[in-house]
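# Chains, contacts and geometry: an overview
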Amino acid sequence: AALILAVLAGFVFAQEPDNGRRGYILTVDDAIGPATRDHIVRNITRAEKDGAEVVVLRLNTPGGLDASMRDIIRKILASEVPVVTWVAPAGSRAASAGTYMMYASHIAAMAPATNLGSATPVQMGGSESDKSPSTWDRVRDAMKQDGDEGANATEEPENLPADAMGRKVVNDAVAYIKGLAERHGRNAEWAERAVREAVSLTSSEALEQNVVDVIAANLPELLEAIDGREVRMANGTRTLQTANLAIVEIETDWRTELLAIITNPTLAYMLLMVGIYGLVLEGYNPGAMVPGVIGGICLLLALYAFQILPVNFAGLALILLGMALIGVELFIPAFGILGVGGIVAVVAGSVILFEGDMPEFRINTYAIVGMGGGSALIFGGIVWVAARSLRRPRLSSREAMVGLEAEAIQDFMDGLGRVHLRGENWSARSEHPIRQGDTVRVIAMEEEGLVLSVTPTPTGNDKQ
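Below, the structure is looked at part by part. Computed from a prediction, not measured in an experiment: that's the story for all the values here. (Residues numbered from 1 in each chain as written. Predicted model: local features only at pLDDT ≥ 70, side-chain atom pairs only at ≥ 80, totals over all residues. Heavy atoms only, no water.)

On to unusual backbone geometry, then. With an omega of -5 degrees, the peptide bond running from A88 to P89 counts as cis. Its place among the elements puts P89 in the loop between β3 (83-87) and β4 (93-95). The phi dihedral of N210 falls on the positive side, at around 60 degrees, and the residue is not glycine. When you line up the elements, N210 lands in the loop between α8 (203-208) and β8 (214-215). Judged by its relative accessible area of 35%, N210 falls in the partly exposed class. (Helix = DSSP H or I, 4+ residues; strand = E, 2+ residues; numbered from the N terminus. Buried < 20%, exposed > 50% of the residue type's maximum accessible area, 1.4 Å probe, protein only.)

Here we take up the pattern of salt bridges. Applying the stated rule across the entire model yields 17 salt bridges. Across the pair K75 and E48 runs a salt bridge, and its minimum N-O distance is 3.3 Å. In this pair, K75 sits in helix α3 (residues 66-78) while E48 sits in helix α2 (residues 34-50), placing the two residues 27 residues apart along the sequence. Among the ionic pairs, R70 bridges to D172, the shortest N-O distance being 2.9 Å. Of this pair, R70 sits in helix α3 while D172 sits in helix α6 (residues 164-183); the two residues are 102 residues apart in sequence, bridging distant segments of the chain. What makes R70 buried here is its relative accessible area of 18%. Among the residues examined, D172 registers a relative accessible area of 42% and is labelled partly exposed. Through salt bridges that share partners, D38, R42, D253 and R255 make up one connected network. (Salt bridge = Lys/Arg side-chain N within 4 Å of Asp/Glu carboxyl O.)

This paragraph deals with the sheet that holds strand β5 (residues 107-110). Pairing in this open sheet of six strands is parallel, and the strands run β8-β5-β3-β2-β1-β11 from one edge to the other. Of all strands in the sheet, those with a lone pairing partner are β8 and β11 (246-250), marking the two edges. Bridging between strand β2 (residues 54-59) and β3 involves five bridges; their strand directions are parallel. Looking at β3, one finds that V56 is bridged to V84. (Pairing = 2+ DSSP bridges.)

What follows is the structure, given as structure tokens:
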């Protein structure tokens, strides 16, 4: 009886942490991009359908794309399940886009030895004036000459971009993060400094300045610390019940992994080039099928990646123009001028195709150099092959036809029949009996009409 009671008690206690109440934990350990956005948005939706108690977003990111970040934040703000963003493990960070996500979350938490901040937006493909130190010096000197250095310190800090577009971007980001801060009662003044001055905080400083709500070294400590807290949801307030909560770790699936691969700028660029070259080779050799199929698939994948990546369309146009010039060079003798210009256009377009200060969203330099060198080699090889083919006699000439082997496609009647030779059907004449499927050799082309004189090819048995 005691043994039965012990087994039943163990079963009850084993089931007690579940009770239909579970929390989902998602891990983000990379730059915020399309794949991250898809992973977070889809699984928050899944948590809503499953009636989860909470979603914990374990975060370690250097920042990311503004469009992906805003999609994630919109989903968090409208979520029916409380979202806890936790910067962990120790040594992690929530920089740039990660800081905005922290402010948008219902609970903001950090592990010890972590940091957040540096939320100044950087425009992808921005002008050099946004980055040049001399520009900042000119702005600072102008402010000092006007005597407004102290009065305008809040509205026009020294590191505010000098151009109108830069000011618009920064002011929009300030208003955005301050609105997130006010929604959850967090420090809006520091949030503005994080955008304008790119300041950062450690976990203890963030807790002291009301930037985050909790410091927790591990997941159980986090769940215990937030249990009973009241959070503001889209449809009202809600009290968290995270004690004895069953945690479900959600791993990234094949869709997220595939999206992360093809939206890597370097790989997307290589897919584009392979796709273009595949179609070009298919055009030079119609019917080969393999280059066309591979090129079409790669080109479609590249275009899908470009649809959700910040693409500089001037760079894309230069690449397409360069490939067109290389193709035209093969049909119009220009002594290599069009081909060389095409290679230069391809390299220049590759350099400016993706721009930005984040290495995660820039093309690897070695990939550009390799693709430029490969384009030069391919262009040189095609020109060499074309030059050789021009020096050869044409296939229709009598000299070129003699000695070629063909296949009989019908039985020869009265010495006349038809053969298949290099993709074409020819009328043929033979003094020997030939049946369908036999291999024949061309010995001459008759003077009257396009009629081949053929003879059966000796078989192994005939030779013996």
